[in-house]
Amino acid sequence: MVDKKNQESPNHFNLPKKIERLGELAYNLWWTWNPDAARLFSLIDEALWDETRHNPVDFLHRVERPSLNAVMDDDAYMENYTEQVALFEEYVAAKETWFSRQHAEAAGKKIAYFSFEFGLHESVPVYAGGLGVLAGDHLKEASDLGVPIIGVGFIYRQGYFTQHITEDGWQETGHYIHNFNEMPVEPVLDGDGEPLMISVQLPGREVFVRIWRVQVGRVPLYLMDTDIPKNTYNDRQLNARLYSSDPEVRISQEIILGIGGVRVLRKLGYEIDVWHMNEGHSGFLALERIREYVAAGKSFQEAKDTVRKRTIFTTHTPVPAGIDMFPVWLVERFFFNMWSELGIDRNEFINLAKQTVEWGDFFSMANLALRLSAHANGVSELHGKVSREMFNFLWPDREPEQVPITHVTNGVHTMTWLSEPMARLYETYLDKNWLDHLDDVEMWEKVADIPNEFLWKIRLEQKRKMIRFLTDRARRQWLTEAVHPVQIIAGGVMLDPAVLTIGFARRFSTYKRGNLILRDFDRLLKIINDRNMPVQIVFSGKAHPADEPGKLIIQQVYRAVKDAKTGGRMVFVEDYDMNVARYLLQSVDVWLNTPRRPNEASGTSGMKAAMNGALNFSVLDGWWHEAYNGSNGWAVGDLTDFPDTNQQDDYDASHLYDVLEKEIVPLYYNRFGNSVLPDAWLQRVKNSLRTLSPQFSMRRMLKEYIENLYVDALS
Ligand SMILES: *Cc1c(COP(=O)(O)O)cnc(C)c1O
């Protein structure tokens, strides 16, 4: 079976011939990181574009003919159309890429990349948070560099949940039912035009899986789907939602991801040379490959050695409590057939992953993944160190420094997260071909040449744009839902673009301490309501539906936001997703992050904010521990660790207020001499742009994966 494109005629949209290739652009996410191509859709009908959540497939199905006629009569539009179609063609067909030049020896090799979630764009809602967005950025950069990667994951019928906040601040969840035919994904079909299928064995039955393909530039991503009539009702629900808290559903999903994923690649005819597991959820893929080798006549030990050599495991979990584990009895029920197929017994099988904790024996996906990969890494320098200590027990005869887990610090895909005006500024002042040099530290020195007035103008314009976005959302809520008026104010209608703006947006897990800045509310009110130097704060983020403490933090934040004493200067934006994230990251002045150390393995949102001109104000955890140099942002607290979390929170919060009052706020509002610009502030922004943009780009990150891990595993 070859991996041929089975899509219906790209013109099933019935587009006029003159612009029919929009149909092709719609089915490749390339446009999502090429703003001139994105405009080909948005310019046709801006309101419909927003209404369809920037989903070009749904958009082209619904757009009306007069709107199409109007753009076809517009010379500027048609000129851009011709140019973008040509650029797209050239991009996907390119024979020579960075990878083909740098690694001619790897010609024809293939790398499989497995992840439970992929955050590529809001129109493909198969992600929950940072882990998925990292995976999405990884694929986009692989496409840009020409790295021969193939993604494997799940498509979720309901995606992640939608969030609504009640008047009392309680998170309510909703679910879309997604119609995959209205998404930029295509069914993978066999030679007879029937859905291509694989199956896996679950206790007492065979579960069938069909496959959808998302094209990410040059990189294909295959997403598995059990929602087909051949399966039982319960099995059809296996890909309903991300991160089920039911262990039986969860282990079934992970079996499909790991074992099913290998079978998908086999069925598609891929020969895979390197297998990369993004977090332990896909750990079963190594077992399936061992099984294949044993079936072909190898011993378990030989098979295991062969598999390990070609497997890479990236861990993202810095605390034992966060590790994905299953009760041993559950694993036995799902795998009792497998150990004999692997040529080992029950104990040998369980011992591959056994983790004994106070309340019993568990099967740890991280242990499994570490034992079955020869290459493993954490996602920041600090997290690498923490991981070597945390997993030292797997190598009891070694010192922590000798534990074979290295680190590759995360990065972000520049063109996915950068605002257009900033991209234009870089094109003008760094290099016309700056996109070819994203990770080039020397090129970024030229940030010094950017005139302060242009940088400042963009900062203000981006804030206006964000406020307009929030106001529009609030207006729509006011029009269509009977929400309490105070919720409209909480939605951001009183924000002011001239005011120093702090952003805090991410998942509301307790360790992220979304409420730390509220610890001394009176002191905070004084800061935000200062007559001459006011401050405003924009919060956004979801708590996992089963995370009651997380929902309580949202409630605490929301109640504070609603308090009239904040004067409308504190805001909570509902339903955080990649779209909301872009608006906030591209506009706020300060990006706040207050995790409890060392829980933040890396964190990536601060990197996105930095390259857009925000200054990070963060706990010295994850990436910020290695990124902060004293003049490219600020630290919340220092490296003092308290055994008592209350004490830690008091210490960190009081330090946070000190820095805000004494450094951040005065620097922002001090317009020295006759200047109308905060020159000292902008100097700090430039320090941040210069030192962080190349280092925390996905380009730098992917090249490190290639040079330090992939090349080794390929040899
Ligand atoms: C980048 C990103 C994240 C990760 O944010 P952290 O602050 O690193 O936890 C989560 N969600 C979305 C939508 C993102 O874009």
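Residues numbered from 1 in each chain as written. Predicted model: local features only at pLDDT ≥ 70, side-chain atom pairs only at ≥ 80, totals over all residues. Heavy atoms only, no water.

Visitor: Hey, could you go over a negative patch on the surface for me, with residue numbers and the actual values?
Guide: Negative charge collects at one region of the surface, where Asp73, Asp74, Asp75, Glu79 and Glu83 lie side by side. Along the chain, the position of Glu79 falls in helix H6 (residues 75-93). (Patch = residues over 30% accessible without salt bridge, like charges linked within 9 Å, V, L, I, M, F, W, Y side chains within 5 Å. Areas by Shrake-Rupley, 256 points an atom, 1.4 Å probe, with all protein chains shown as cover. Salt bridge = Lys/Arg side-chain N within 4 Å of Asp/Glu carboxyl O. Lys, Arg positive; Asp, Glu negative; His and termini not counted. Charge placed at Lys NZ, Arg CZ, Asp CG, Glu CD. Helix = DSSP H or I, 4+ residues; strand = E, 2+ residues; numbered from the N terminus.)

Visitor: Tell me about the pattern of salt bridges, and please be specific about residues and values.
Guide: In this structure the tally under the stated criterion is 47 salt bridges. Between Lys432 and Glu427 there is a salt bridge whose closest N-O contact spans 4.0 Å. Its salt-bridge partner being Arg513, residue Asp652 comes within 2.8 Å of it at the nearest N-O pair. Taken together, the residues span a long stretch of sequence, with Asp652 in helix H28 (residues 645-669) and Arg513 in the loop between strand S16 (500-505) and helix H23 (521-528) at a distance of 139 residues.

Visitor: Could you give me a rundown of the packing of helix H21 (residues 452-480) against helix H29 (residues 679-692), with the residues and numbers involved?
Guide: Following both chains from N to C, one finds H21 and H29 inclined at 85°, their axes separated by 11 Å at the closest point. Relative to H29, the element H21 is oriented roughly perpendicular. Packed against H21, whose contacting residues are Asn452, Leu455 and Trp456, the element H29 presents Asp679, Leu682, Val685, Lys686 and Leu689 at the interface. Tallied by class, the residues present in the contact of H21 with H29 amount to 5 nonpolar, 1 polar and 2 charged. (Axes fitted to C-alpha atoms, helices over the stretch in contact; angles between N-to-C directions. Parallel < 35°, antiparallel > 145°, perpendicular 65-115°, else oblique. Contact = heavy atoms within 4.5 Å. Nonpolar A, V, L, I, M, F, W, Y, C, P; charged D, E, K, R; others polar.)

Visitor: Describe the domain arrangement of the chain, and please don't skip the residues or the numbers.
Guide: Many descriptions give the size of an interface as the accessible area lost when the pieces come together. The domain boundaries assigned to the chain delineate domain 1 (17-93), domain 2 (273-408) and domain 3 (427-696). Summarising the inter-unit geometry, the C-alpha centres of domain 2 and domain 3 are found 38 Å apart. The interface is formed by 9 residues belonging to domain 2 together with 11 residues belonging to domain 3. Contact between domain 2 and domain 3 buries roughly 720 Å² in total, counting both sides, with carbon and sulfur atoms accounting for 65%. At the junction of domain 2 and domain 3, the tally comes to 0 salt bridges. Joining domain 2 to domain 3, the criterion identifies 2 residue pairs in polar contact (both at pLDDT 80 or more). When grouped by side-chain class, the residues that make up the side of domain 2 that touches domain 3 number 5 nonpolar, 3 polar and 1 charged. (Domains from an automatic or database assignment. Buried area = accessible area lost by both parts, 1.4 Å probe. Polar contact = N/O pair within 3.5 Å; in protein donor to acceptor, adjacent residues only side chain to side chain.)

Visitor: Help me get a handle on the site of the ligand, residues and values and all.
Guide: Around the ligand sit 14 residues in total, of which Arg506, Lys512, Thr604, Ser605 and Lys608 are the nearest. Within the side chain of Ser605, an N or O atom sits 2.5 Å from an oxygen atom of the ligand. Side-chain polar atom of Lys608 to an oxygen atom of the ligand: 2.6 Å apart, as the coordinates give it. Of the residues in the shell around the ligand, the class split is 5 nonpolar, 5 polar and 4 charged. (Near = heavy atom within 4 Å.)

Visitor: Give a detailed account of the packing of helix H2 (residues 35-42) against H6, specifying residues and quantitative values.
Guide: At a minimum axis distance of 10 Å, the contact between H2 and H6 shows a crossing angle of 130°. Taken together, H2 and H6 sit at an angle that is classed as oblique. Crossing handedness for the pair H2 and H6: left-handed. Every residue of H6 that contacts H2 at Asp36, Ala37, Arg39 and Leu40 is listed here: Tyr77, Asn80, Tyr81 and Gln84. In terms of residue class, the contact of H2 with H6 is built from 4 nonpolar, 2 polar and 2 charged. (Left-handed = near helix turned anticlockwise from the far one by under 90°.)

Visitor: How would you summarise the pairing of strand S21 (residues 633-636) if you had to cite specific residues and measurements?
Guide: Side-chain direction in a regular strand flips from residue to residue, so the side chains alternate between the two faces of the sheet. Bridging between strand S20 (residues 615-619) and S21 involves 4 bridges; their strand directions are parallel. In the strand pairing of S21, Asn616 is matched with Gly633. Read as a crossover between parallel neighbours, the route from S20 over helix H27 (residues 622-627) to S21 is right-handed. (Pairing = 2+ DSSP bridges. Right-handed = clockwise from strand over helix to strand, strands pointing away.)

Visitor: So what's going on with the packing of aromatic side chains? Which residues, and what values?
Guide: Going through the model one piece at a time under the given rule, you end up with 39 aromatic pairs. Judged by centre distance (6.3 Å) and plane angle (85°), the rings of Trp434 and Trp444 are edge-to-face. Of this pair, Trp434 sits in the loop between helix H19 (420-429) and helix H20 (441-444) while Trp444 is found in helix H20, placing the two residues 10 residues apart along the sequence. Judged by its relative accessible area of 1%, Trp444 falls in the buried class. Over the ring of Phe161 we find Lys542; its NZ or CZ atom is 5.2 Å from the centre of that ring. Stacked on the ring of Tyr668, the Lys or Arg Arg671 has its end atom at 5.5 Å from the ring centre. (Phe/Tyr/Trp six-rings, centres within 6.5 Å; stacked < 30°, edge-to-face > 60°. Buried < 20%, exposed > 50% of the residue type's maximum accessible area, 1.4 Å probe, protein only. Lys NZ or Arg CZ within 6 Å of the ring centre and 35° of its normal.)

Visitor: Mind laying out the side chain of Gln477, listing which residues take part and the relevant values?
Guide: Its location among the elements puts Gln477 in helix H21. Looking at Gln477, its side chain comes within polar contact range of the side chain of Glu574, at 3.3 Å. For Gln477, the residues in contact, after removing those within four places along its chain, are His164, Val483, Ile488 and Glu574.

Visitor: Go over the sheet that holds strand S11 (residues 325-327), please, and point to the residues and values.
Guide: Pairing between the strands of a sheet is mediated by backbone hydrogen bonds and can be parallel or antiparallel. With antiparallel pairing, the 3 strands of this open sheet are ordered in space as S11-S13-S12. Here the strands that pair on one side only, and so sit at the sheet edges, are S11 and strand S12 (354-357). Taken pair by pair, the neighbouring strands of this sheet meet at an average axis angle of 40°, ignoring direction. Both S11 and strand S13 (residues 360-364) contribute to a ladder of 3 bridges, which runs antiparallel. Paired with Phe326 across the bridge in S13 is Phe363. Contacts between helix H13 (residues 328-335) and the sheet are confined to S11 and S13, with S11 contributing the most and set at about 85° to the helix.

Visitor: Residues and numbers for the sheet that holds strand S17 (residues 535-540), please.
Guide: Reading across the sheet, the 6 strands line up as S18-S17-S16-S19-S20-S21 and stay open at both edges, with parallel pairing between neighbours. Both outer strands of the open sheet, strand S18 (570-573) and S21, are each paired with one neighbouring strand and no more. Pairs of neighbouring strands in the sheet enclose a mean axial angle of 20°, with direction left out of account. Each of S17 and S18 is contacted by H23, which is oriented at about 120° to S17, the strand it contacts most. Contacting S17 and S18, helix H24 (residues 548-562) crosses the sheet at an angle of about 135° to S18.

Visitor: If you had to explain unusual backbone geometry to someone new, which residues and values would you point to?
Guide: The omega torsion of the bond from Arg597 to Pro598 falls at -5°, within 30 degrees of zero and hence cis. Note on placement: Pro598 falls in the loop between strand S19 (590-593) and helix H26 (605-611).

Visitor: Requested: an account of the nonpolar core, with residues and values cited.
Guide: Among the nonpolar cores identified, the biggest contains 245 residues, and Leu22, Phe335 and Trp681 are the most heavily contacted of them. A per-element tally of this core places H28 first, with 10 residues. Ignoring any residue separated from it by four or fewer positions in sequence, one finds Leu22 in contact with Leu15, Leu40, Phe41, Ile44, Leu60, Tyr77 and Tyr81. (Core = buried A, V, L, I, M, F, W, Y, C linked by side-chain atoms within 4.5 Å.)

Visitor: Please set out the confidence of the model for the chain residue by residue, giving values where relevant.
Guide: Any residue range with low pLDDT should be treated as having predicted coordinates unsuitable for detailed reading. Per-residue confidence for the chain gives a mean pLDDT of 96, with 98% of residues at or over 70. Long-range and interchain partners of residues 1-9, a stretch whose pLDDT sits below 50, account for 18 contacts in this model, where long-range means more than four residues apart. (pLDDT = per-residue confidence, 0-100.)

Visitor: Tell me about the pairing of strand S14 (residues 375-378), and please be specific about residues and values.
Guide: Residue alternation in S14 divides its side chains into two sets, His375 and Asn377 and Ala376 and Gly378, and both sets are buried. In terms of strand pairing, strand S10 (residues 311-314) meets S14 through 3 bridges, oriented parallel. Bridge pairing in S14 links Phe313 to Ala376. Where S14 meets strand S15 (residues 406-407), 2 bridges bridge the pair, whose relative direction is parallel. Note that in S15 the partner of Gly378 across the bridge is His407.

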